Amino acid sequence: GAVVSQHPSRVICKSGTSVKIECRSLDFQATTMFWYRQFPKQSLMLMATSNEGSKATYEQGVEKDKFLINHASLTLSTLTVTSAHPEDSSFYICSARLSTGSGELFFGEGSRLTVL
Amino acid sequence: KQEVTQIPAALSVPEGENLVLNCSFTDSAIYNLQWFRQDPGKGLTSLLLIQSSQREQTSGRLNASLDKSSGRSTLYIAASQPGDSATYLCAVRGRSGGGADGLTFGKGTHLIIQP
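In this text, all values refer to a predicted model and were calculated from it rather than measured experimentally.

Asker: An account of the pattern of salt bridges is requested, with residue identities and associated values reported.
Answerer: Side-chain pairs of opposite charge can arise whenever the charged atoms involved come near each other. Following the criterion strictly, the structure yields four salt bridges over all chains and no others. Between Glu22 of chain A and Arg24 of chain A there is a salt bridge, and its shortest N-O distance comes to 3.5 Å.

Quick look at the structure:
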C-alpha cells in the first residue's frame with residue numbers, strides 16, 4: 001500500500017517554544033491530508049484538513065493560530081504547534097487519501113509530543 | 001449522526017485460536033468501511049477496505065465482511081499469533097457525520113494473543 005511518513009516520531013520541547021511536525025506521502029501525491037490528535041486509550045480526533053495550495057480547514061474547537069498547517073506541495077504537509085504548553089502534549093497523526101481509485105486513507109506513524 | 005461501536009472493547013485469547021471482532025454503525029449510507037491496526041505508540045496501518053458494494057475482503061489470515069443493510073462488519077482473524085496483539089479500529093466513511101475526512105471511528109478493540 002501507499003506509504004505516509006511522519007517526522008519526528010518523538011519530540012520534547014519546553015513550554016513556549018514551537019514545534020513542527022512533517023507528514024509526507026512517499027509514493028503518491030496527496031492533494032488532501034488530515035491531522036489528528038489522539039489521547040491515551042482514545043480514538044483519533046480530527047483536527048484539520050490540509051489542502052494543497054490553500055488554507056487548511058479546522059474542526060470546531062481547534063485553534064488555527066495554535067496549530068498552523070501548511071501544505072506547500074502535493075507530498076508534504078506540516079503541522080506547527082505554536083507556543084506549546086504542557087496540555088498540548090499528545091500523539092499527533094496525519095493521514096493522506098489516494099486521490100484516485102478507492103479513496104483509501106493511509107496514516108503516518110504518528111508523532112509523540114511532550115511539552116515540559 | 002453516524003455512530004460506530006466496536007465490541008468487545010478488549011479481548012484476550014490463546015495463540016492459535018480463530019477470533020472475530022465486531023463493528024456496528026448506525027447509518028447504512030456509507031461509501032466504505034476500513035479496518036486498521038494500531039500498535040502502542042504507533043500510527044494506523046490499513047488492513048482492509050470494503051467498498052459499500054462489496055460483501056467481504058480478504059488479506060492473508062484476515063477476512064472482513066460487510067452487511068451494510070444491518071450496519072455491521074466483522075474482522076475475522078484466523079490462527080491468531082502473538083504478533084497480532086494490537087488495537088483494531090473500524091472506521092466508516094459515510095455521507096452523514098464524521099469529520100472532513102468523512103470518517104467516523106470506533107473506539108477500537110484491544111486484542112491480546114497469549115503465547
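Past the structure itself, the notes keep going.
Asker: Break down the state of the cysteines for me, with residues and values.
Answerer: Taken as a whole and judged by the stated rule, the model has two disulfides over all chains. Between the sulfur atoms of Cys23 of chain A and its disulfide partner Cys94 of chain A the distance amounts to 2.0 Å. Its S-S torsion of about 80° marks the bond between Cys23 of chain A and Cys94 of chain A as right-handed, since a negative value means left-handed. Of this pair, Cys23 of chain A sits in strand β3 (residues 19-25) while Cys94 of chain A is found in strand β9 (residues 90-97), placing the two residues 71 residues apart along the sequence. The pair Cys23 of chain A / Cys94 of chain A is uniform in exposure class, with both members buried. Note that Cys23 of chain B is cross-linked by a disulfide to Cys90 of chain B, the S-S spacing being 2.0 Å. An S-S torsion of about -60° defines the bridge between Cys23 of chain B and Cys90 of chain B as left-handed. Here Cys23 of chain B, found in strand β3 (residues 19-25), pairs with Cys90 of chain B, found in strand β9 (residues 86-94); they are 67 residues apart in sequence, far enough to count as distant. One exposure class covers both Cys23 of chain B and Cys90 of chain B, and it is buried. The closest cysteine sulfur to the non-disulfide-bonded Cys13 of chain A is located on Cys94 of chain A, 18 Å from its own sulfur.

Asker: Describe in detail the interface of chain B and chain A, supporting the description with residues and values.
Answerer: Contacts between chain B and chain A engage 20 residues on the former and 19 residues on the latter. Of the roughly 1500 Å² buried where chain B meets chain A, counting both sides, 52% is carbon and sulfur surface. Our count for the contact surface shared by chain B and chain A stands at zero salt bridges. At the boundary of chain B and chain A, one finds four residue pairs in polar contact (both at pLDDT 80 or more). Breaking the side of chain B that touches chain A down by element, the ones donating at least two residues are β4 (30-38), β5 (44-51), β9 and β10 (103-105) of chain B. A class-by-class count of the residues in the side of chain B that touches chain A yields seven nonpolar, nine polar and four charged.

Asker: Quick one: what's the story with the nonpolar core, residue by residue and with numbers?
Answerer: Grouped together as the largest cluster of nonpolar side chains are 26 residues, with contacts concentrated most on Val4, Trp35, Phe67, Tyr92 and Leu113 of chain A. Leu47, Ile50, Ala64 and Ile77 of chain B belong to the second largest nonpolar core, which has 23 residues in total.

Asker: Please give an account of the side chain of Gln38 of chain B that cites residues and values.
Answerer: Among the secondary structure elements, Gln38 of chain B is positioned in strand β4. By relative accessible area, which is 8% here, Gln38 of chain B ends up buried. A polar contact is formed between the side chain of Gln38 of chain B and the side chain of Gln38 of chain A, at a distance of 2.8 Å. In terms of polar contacts, Gln38 of chain B uses its side chain to reach the backbone carbonyl oxygen of Lys42 of chain B, at 2.7 Å. With residues up to four places along the chain from it excluded, the contact list for Gln38 of chain B reads Gln38, Phe91 and Ile93 of chain A together with Gly43, Leu44, Ala86, Thr87 and Leu89 of chain B.

Asker: Before we move on, can you summarise the packing of aromatic side chains with the specific residues and values?
Answerer: Considering all chains together, one arrives at seven aromatic pairs over all chains under this definition. Here the aromatic rings of Phe107 of chain A and Phe105 of chain B are separated by 6.2 Å at their centres, their planes lie at 75°, and the arrangement is edge-to-face. Separated into two different chains, Phe107 of chain A in strand β10 (residues 105-107) and Phe105 of chain B in strand β10 make up a pair that spans both. The class of Phe107 of chain A is buried, set by a relative accessible area of 7%.

Asker: Go over the sheet that holds strand β6 (residues 56-59) of chain B, please, and point to the residues and values.
Answerer: Residue and element names in this part refer to chain B. With antiparallel pairing, five strands are arranged side by side in an open sheet as β1-β3-β8-β7-β6. Strands at the two margins of the open sheet, each flanked by one partner only, are β1 (4-7) and β6. The mean inter-strand angle of the sheet, taken between neighbouring strand axes irrespective of direction, is 15°. Taken together, the four bridges between β1 and β3 define a ladder with antiparallel strand orientation. Paired with Gln6 across the two strands is Cys23, which belongs to β3.

Asker: Requested: an account of unusual backbone geometry, with residues and values cited.
Answerer: With an omega of 0°, the peptide bond between His7 of chain A and Pro8 of chain A qualifies as cis. Among the structural elements, Pro8 of chain A can be located in the loop between β1 (4-7) and β2 (10-13). Cis rather than trans, the peptide bond between Ile7 of chain B and Pro8 of chain B has omega equal to 0°. Here Pro8 of chain B shows up in the loop between β1 and β2 (10-14). A positive phi angle is found at Ala79 of chain B, which is not glycine, with a value near 45°.

Cut-offs applied
Residues numbered from 1 in each chain as written. Chains lettered and ligands numbered in written order. Predicted model: local features only at pLDDT ≥ 70, side-chain atom pairs only at ≥ 80, totals over all residues. Heavy atoms only, no water. Salt bridge = Lys/Arg side-chain N within 4 Å of Asp/Glu carboxyl O. Disulfide = S-S within 2.5 Å. Helix = DSSP H or I, 4+ residues; strand = E, 2+ residues; numbered from the N terminus. Buried < 20%, exposed > 50% of the residue type's maximum accessible area, 1.4 Å probe, protein only. Contact = heavy atoms within 4.5 Å. Buried area = accessible area lost by both parts, 1.4 Å probe. Polar contact = N/O pair within 3.5 Å; in protein donor to acceptor, adjacent residues only side chain to side chain. Nonpolar A, V, L, I, M, F, W, Y, C, P; charged D, E, K, R; others polar. Core = buried A, V, L, I, M, F, W, Y, C linked by side-chain atoms within 4.5 Å. Phe/Tyr/Trp six-rings, centres within 6.5 Å; stacked < 30°, edge-to-face > 60°. Pairing = 2+ DSSP bridges. Axes fitted to C-alpha atoms, helices over the stretch in contact; angles between N-to-C directions.

Any functional reading would require information that these geometric values do not contain.
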